[in-house]
Amino acid sequence: MRHALGRRPARLKISDRRFAFLLMLPACLFLAAFVLWPLLRLVIDSFFQISPLAGTRSFTGLGNYRTALESARFRNAALRTLEYTAIVVTMEFVLGLGAALLFTALGERSRLLRTAFLYPLMIAPVVAGLLWRYLLIDNFGIVNSLLARIGVLSSPGQISWLSDPHIALFSVALPDIWLTTSFMSLVLYAGLQNIPPDVVEAARIDGAGPVRMLTGIIVPLLRPVIAVALIVRGIDAVKAFDVILIQTNGGPQDATNTLSLLIYNTMTSYSQPGLASAMSVMYLIVMLAVAVVAVRMIWLPGRRAR
Amino acid sequence: MKIIRTSEEPPRPALSRRGFLQAAGVAGVAAAATACGAGGGSSGSAGSSSLRVVCESGGFAELTPVAALFKKQTGTTVTLTQLPYDGLFSRVSSELGSGALSFDVAAIDAIWLPQFAPKLAALDELFTPAVKADLFPATLDEGQIGGRYVGMPGWTNVEVLFYRRDLFESPAEQKAFKARYGYDLAPPATWQQFTDAARFFTKGGMYGTDVKGDVETEFLAHVLQAGSPGVVLDSTGAVIIDNAQHVKALEFYSSLSNQYKVAPSGAAQVGWPEAQNLFYQGKTAMTRFWAHLYRQIPSTASVYGKVGVAPMIGGSAGIAGIPGPFYLSVPAKGANTDLALKFIQFAYDHNALGIGTSLGLAARKSAFAQYAGKPGYESFTPLLTTLSAPATRSRPKTAGWQQIVDTVLVPTIQKSLTPNADFAGLLSAARGSVQSIV
Amino acid sequence: MNALQLRPGIARVLLWGLLAVVLLLYGFPFVYLILTSFKPPLDAISVPPVFWPRAWSLVNYRSALAAPGVAAALINSLVTAVISSALALVLAVPAAYGVTRYGTGAGRVFLLVALVTRMMPPVAIGVPLISFMQALHLTDTSFGLALAQMTISLPLAVWLMAGFFEAVPAELDEAAQVDGCSRLEALRRVVLPVTAGGIAVTALFAFLASWNEFLFALLLTAIRAGTTPIAIANFQTQFGLQWGSMTALATLYSVPVILLAIVLQRHIVSGLTLGSVKG
């Protein structure tokens with residue numbers, strides 16, 4: 001062991017806690033300035049009726065909140081956001097798990113293909129949205145044309161992915177699912193690698209079929225991994241904006257108008273920043289509550305168990 | 001990830017301290033140099049000889065020759081920044097509201113003027129009697145909000161009827177049409193003739209026309225053709241969206257798709273770009289579209305050279321259209337107001353230059369008259385006819401118009417494109433929504 | 001090896017077939033995008049649509065690059081992404097190190113704040129940020145946009161780096177400090193080189209967060225600092241949708257990052273899985 005003596009003059013040693021604090025300080029300052037301060041402005045603005053072009057600003061207490069809650073559009077947008085998140089996360093999970101199992105069953109030889117599977121992560125949501133709009137659009141989209149050619153559809157006009165209000169929400173979810181299934185499959189694949197072989201062997205000896213294996217052994221063992229992936233992706237799905245905006249801008253007939261879009265349009269197109277701020281505040285509160293619950297119930301126990 | 005070190009020497013980092021600082025320094029300088037942004041011209045402070053104009057794609061086309069000539073004659077560089085339609089609205093709206101302006105002149109849609117008017121400069125000094133005489137009355141009036149002129153018309157547009165001349169002039173088709181309907185085949189002038197022609201030409205993979213569920217101005221034109229004293233609101237601001245003419249117009253508009261099936265599927269999402277593409281590809285025999293389409297048909301399109309233009313069809317009140325003008329406006333708090341006014345005057349003086357551009361439109365009657373009747377400008381006479389029709393009226397000047405369009409008009413039209421739609425019921429429901437906005 | 005791996009046999013062959021189909025379907029959209037970019041402009045929106053180009057043409061690329069503002073948008077995207085990811089790293093690496101090595105209460109709070117920031121929809125802080133940027137005279141600048149985009153990439157970077165740092169045993173730092181390094185030097189000369197792969201991945205994701213970002217670019221840029229996602233969306237003009245040019249620019253924009261990802265793929269895989277498996 002070498003001695004510290006003789007190498008350089010002794011430095012003033014601040015405590016470890018101070019040091020850690022200093023390390024975190026720049027990032028904290030940035031977040032305080034660029035996140036917390038705008039958030040504060042947001043909360044303040046939500047109590048005012050603001051008309052930027054007329055230049056007026058009047059205090060209205062909880063007026064904006066009341067307007068939003070009474071507005072069917074807002075309530076429906078909230079419901080739709082939930083629907084959209086449910087669709088996206090469920091599909092991603094199912095498809096991602098399927099892909100992960102597929103890769104696992106085929107072993108190390110599939111590594112190259114696993115890498116190829118990653119590519120959609122790099123694509124911008126705006127690009128993905130435009131691309132899928134192009135694929136699904138009535139009259140010009142190639143998906144219906146191909147489906148009709150192979151006989152799944154009786155004619156290319158049978159399904160109007162983006163113009164039928166009943167299925168539009170599902171259709172705009174497709175690019176989101178396409179983009180992030182590979183992330184899910186990657187995460188789940190890594191989790192699958194960590195499953196102890198002896199547990200699997202024991203189950204096999206006991207005569208467990210593939211279904212039993214999946215529901216009884218694999219999914220329970222993957223629980224912490226699944227939990228983290230679902231929480232992360234759930235948060236991202238709720239925030240989804242670019243993909244939906246570029247495909248349908250909320251239409252047809254508000255069928256794809258999620259909270260993000262409603263807030264954006266209220267702020268910019270209808271020039272009502274006060275109302276939009278109130279909507280955003282409510283949105284954030286709900287998100288926070290849900291996330292805190294999810295983290296408490298799923299993530300932290302996993303951590304403590306380690 | 002366990003790392004076992006056999007030696008006691010910590011591994012040498014790839015980048016020494018000095019190298020790191022040097023790299024950081026260079027990166028910092030480079031970042032500062034390019035941190036402002038690679039695009040656009042200088043920030044154009046007051047008094048410099050440059051002018052910033054924001055517009056959308058049509059405006060970009062129309063103003064490019066004007067800008068070039070302005071530079072040649074006055075030495076001032078005019079930077080035209082093109083934004084998509086929605087983006088232009090957001091940009092102008094937020095900048096006028098916040099006061100941090102990135103433009104000196106904006107070429108904006110007529111329907112935005114009521115909302116932006118409080119923050120726009122008055123242009124009254126430009127509106128001499130001679131200037132006013134050469135502009136269409138509706139277009140002139142639309143630019144006047146609250147007693148002051150806040151926009152100078154840059155170019156105006158209206159929907160006319162486009163049809164496939166080769167089909168309408170084909171003897172075989174004419175014979176078959178006469179046999180079926182009992183009168184000569186000609187570009188339709190009434191609603192009934194339009195429906196007949198559309199039904200007749202829906203055959204062999206082609207459709208008679210398109211039905212646009214994603215945009216509202218065409219429906220509004222039909223409302224005027226039915227004889228309504230206004231669209232959505234009347235001249236006093238009362239809500240008339242559920243009057244008899246609106247119901248009739250909606251019935252005519254949507255039945256083409258619902259009942260007669262003369263339009264391609266997915267009507268609810270068909271807007272201008274889709275209708276344009278369908279017509280270019282030869283999928284529709286007729287289309288009601290903005291007049292500028294005529295000179296934009298690409299030479300590679302299958303319909304090139306086979307397109308005829310007629311005035312917009314007429315209802316019981318005759319021909320009517322909704323004018324779609326764009327205005328040049330100046331922010332009230334702008335730093336370059338004098339130069340902006342000079343440019344706008346110049347643009348008016350050379351308004352005819354716009355006709356030579358890809359959009360091919362102007363605002364002044366004299367500019368249109370100069371070219372009407374000349375080969376290649378067959379769309380101008382129908383345009384002038386439609387714009388001058390007595391029933392033609394501009395949209396109401398209300399600040400909530402965009403909201404009315406987005407939240408009431410377009411959804412109502414889309415809802416009406418379902419089988420068994422109750423047109424009167426939908427419009428009654430719309431009445432309540434409009435009421436809450438105005 | 002892998003507990004769930006199938007032995008060679010008929011089932012395995014079938015699964016390889018299934019995998020091939022899955023990959024085909026998954027890759028189809030992007031392949032179609034690329035193919036369409038090479039079609040003549042009118043063919044891009046032909047009715048009925050065609051998959052394979054009838055003729056190969058570079059017109060879309062030429063018109064996309066010649067369109068007003070596109071060349072500038074490409075430069076702006078690169079500059080903004082580089083500034084944003086570099087700054088994010090500079091702030092996130094020390095912060096993550098402080099959180100993982102010194103498990104203070106403040107550290108846990110910081111992690112939670114970072115998580116909360118991640119939850120925030122950008123649209124919520126978009127408008128307040130506009131006025132904030134105006135006050136700083138940073139609207140319509142690449143630097144201002146980079147800062148705004150860091151609100152997205154910084155929490156992500158902190159979480160990723162925290163995962164990587166946790167994988168490095170604390171004994172390493174301690175050994176370095178015993179050898180006479182100060183705590184900072186231990187970080188710089190010992191821990192950072194070991195986590196170089198992790199830093200590369202974090203840099204890539206921070207870069208991507210800026211490269212692909214749309215909303216802040218939409219709200220905070222006007223003429224000078226517009227980025228390529230805005231330019232791509234701009235091809236939707238009021239009367240026409242230039243699919244051909246749009247697919248060309250989209251292809252041009254996506255291919256470099258995909259190639260970058262292929263180069264860094266091993267690190268990406270370990271980075272993503274590290275963060276989540278360790279929970």
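Residues numbered from 1 in each chain as written. Chains lettered and ligands numbered in written order. Predicted model: local features only at pLDDT ≥ 70, side-chain atom pairs only at ≥ 80, totals over all residues. Heavy atoms only, no water.

Some words on the nonpolar core
Consideration 1: Ranked by internal contacts, the top residues of the largest apolar core, which has 190 residues, are A:Y84, A:I123 and A:W178.
Consideration 2: Broken down by element, this core gets its largest block of residues, 14 residues, from helix α7 (residues 168-193) of chain A.
Consideration 3: With sequence-adjacent residues up to four places away left out, A:I123 is seen in contact with A:A128, A:W178, A:L179, C:F30, C:N212, C:S254 and C:I258.
Consideration 4: One finds B:F89, B:V215, B:A310 and B:I313 within the second-largest nonpolar core, a separate group that totals 143 residues. (Core = buried A, V, L, I, M, F, W, Y, C linked by side-chain atoms within 4.5 Å. Buried < 20%, exposed > 50% of the residue type's maximum accessible area, 1.4 Å probe, protein only. Helix = DSSP H or I, 4+ residues; strand = E, 2+ residues; numbered from the N terminus. Contact = heavy atoms within 4.5 Å.)

Description of the pairing of strand β7 (residues 159-164) of chain B
Residue and element names in this part refer to chain B.
Consideration 1: With six of its six residues buried, β7 lies for the most part within the structure.
Consideration 2: Strand direction decides the pairing type here: β7 and strand β8 (residues 286-290), joined by five bridges, are antiparallel. By the bridge assignment for β8, E159 is matched with W290.
Consideration 3: Sheet analysis places β7 next to strand β9 (residues 307-310), joined by four bridges and oriented antiparallel. Note that in β9 the partner of F162 across the bridge is V309. (Pairing = 2+ DSSP bridges.)

What to know about the confidence of the model for chain A
Consideration 1: Residues with a pLDDT of 70 or more make up 93% of chain A, whose mean pLDDT is 84.
Consideration 2: Confidence, read as mean pLDDT per element, is least for helix α4 (residues 111-116) of chain A in chain A (77) and greatest for helix α2 (residues 63-70) of chain A (92). (pLDDT = per-residue confidence, 0-100.)

Things to note about the packing of helix α9 (residues 191-200) of chain B against helix α11 (residues 244-258) of chain B
All names here are of chain B.
Consideration 1: Running from N to C, α9 and α11 point in directions that differ by 10°, and their axes come no closer than 11 Å. The angle between α9 and α11 falls in the class roughly parallel. Along its contact with α9, which presents W191, F194 and T195, the element α11 presents K248, A249, F252 and L256.
Consideration 2: Per-class residue counts for the contact of α9 with α11 are five nonpolar, one polar and one charged. (Axes fitted to C-alpha atoms, helices over the stretch in contact; angles between N-to-C directions. Parallel < 35°, antiparallel > 145°, perpendicular 65-115°, else oblique. Nonpolar A, V, L, I, M, F, W, Y, C, P; charged D, E, K, R; others polar.)

Some words on the interface of chain A and chain C
Accessible area lost upon the coming together of the parts serves often as the stated size of an interface.
Consideration 1: Taken together, the contact pairs 106 residues of chain A with 99 residues of chain C.
Consideration 2: Interface of chain A and chain C: buried area, both sides summed, is about 9,400 Å²; carbon and sulfur atoms make up 75% of it.
Consideration 3: Among the residues chain A hides against chain C, the three largest losses belong to A:F34, A:M122 and A:Y134. Together they make up 9% of the total.
Consideration 4: Put simply, chain A and chain C have one salt bridge between them.
Consideration 5: For C:R118, the salt bridge is made with A:D236, and the minimal N-O distance between the two is 3.2 Å.
Consideration 6: Viewed at the interface, chain C and chain A are joined by six residue pairs in polar contact (both at pLDDT 80 or more).
Consideration 7: The element that contributes the greatest number of residues to the side of chain A that touches chain C is helix α1 (residues 16-45) of chain A, accounting for 19 residues.
Consideration 8: Among the residues making up the side of chain A that touches chain C, the classes are represented as 72 nonpolar, 16 polar and 18 charged. (Buried area = accessible area lost by both parts, 1.4 Å probe. Salt bridge = Lys/Arg side-chain N within 4 Å of Asp/Glu carboxyl O. Polar contact = N/O pair within 3.5 Å; in protein donor to acceptor, adjacent residues only side chain to side chain.)

Some thoughts on the pairing of strand β1 (residues 50-55) of chain B
The side chains of a regular strand alternate, first on one face of the sheet and then on the other.
Residue and element names in this part refer to chain B.
Consideration 1: Here β1 lies mainly inside the structure; six of its six residues are buried.
Consideration 2: Side-chain alternation along β1 places S50, R52 and V54 on one buried face and L51, V53 and C55 on a second face that is also buried.
Consideration 3: Pairing between β1 and strand β2 (residues 77-82): six bridges, direction parallel. Pairing of L51 across the sheet is with V78, part of β2.
Consideration 4: Between the parallel pair β1 and β2, the chain is carried across by helix α2 (residues 57-74), and the sense of this crossover is right-handed.
Consideration 5: As judged from the two bridges shared by β1 and strand β3 (residues 105-109), these two strands associate in the parallel manner. Considered in β3, the bridge of V53 is made with V105. (Right-handed = clockwise from strand over helix to strand, strands pointing away.)

What about the side chain of B:Q225?
Residue and element names in this part refer to chain B.
Consideration 1: Mapped onto the fold, Q225 is located in helix α10 (residues 217-225).
Consideration 2: Assessed through its relative accessible area of 0%, Q225 is described here as buried.
Consideration 3: Polar contacts involving the side chain of Q225 include one to the side chain of W191, which spans 2.9 Å.
Consideration 4: Setting aside residues up to four positions removed in sequence, Q225 forms contacts with W191, M312, I313, G314, G315, S316, A317, G318, I319 and A320.

Details of the interface of chain A and chain B
Consideration 1: Chain A puts 24 residues into the contact, and the matching count from chain B is 25 residues.
Consideration 2: Between chain A and chain B the total buried area reaches about 2,000 Å² when both faces are included, carbon and sulfur atoms providing 53% of it.
Consideration 3: Our count for the chain A to chain B interface comes out at one salt bridge.
Consideration 4: The closest approach of N and O atoms between A:R133 and B:E274, which form a salt bridge, is 3.4 Å.
Consideration 5: Connecting chain A to chain B are one residue pair in polar contact (both at pLDDT 80 or more).
Consideration 6: Here the side of chain A that touches chain B is built from residues that sort into nine nonpolar, eleven polar and four charged.

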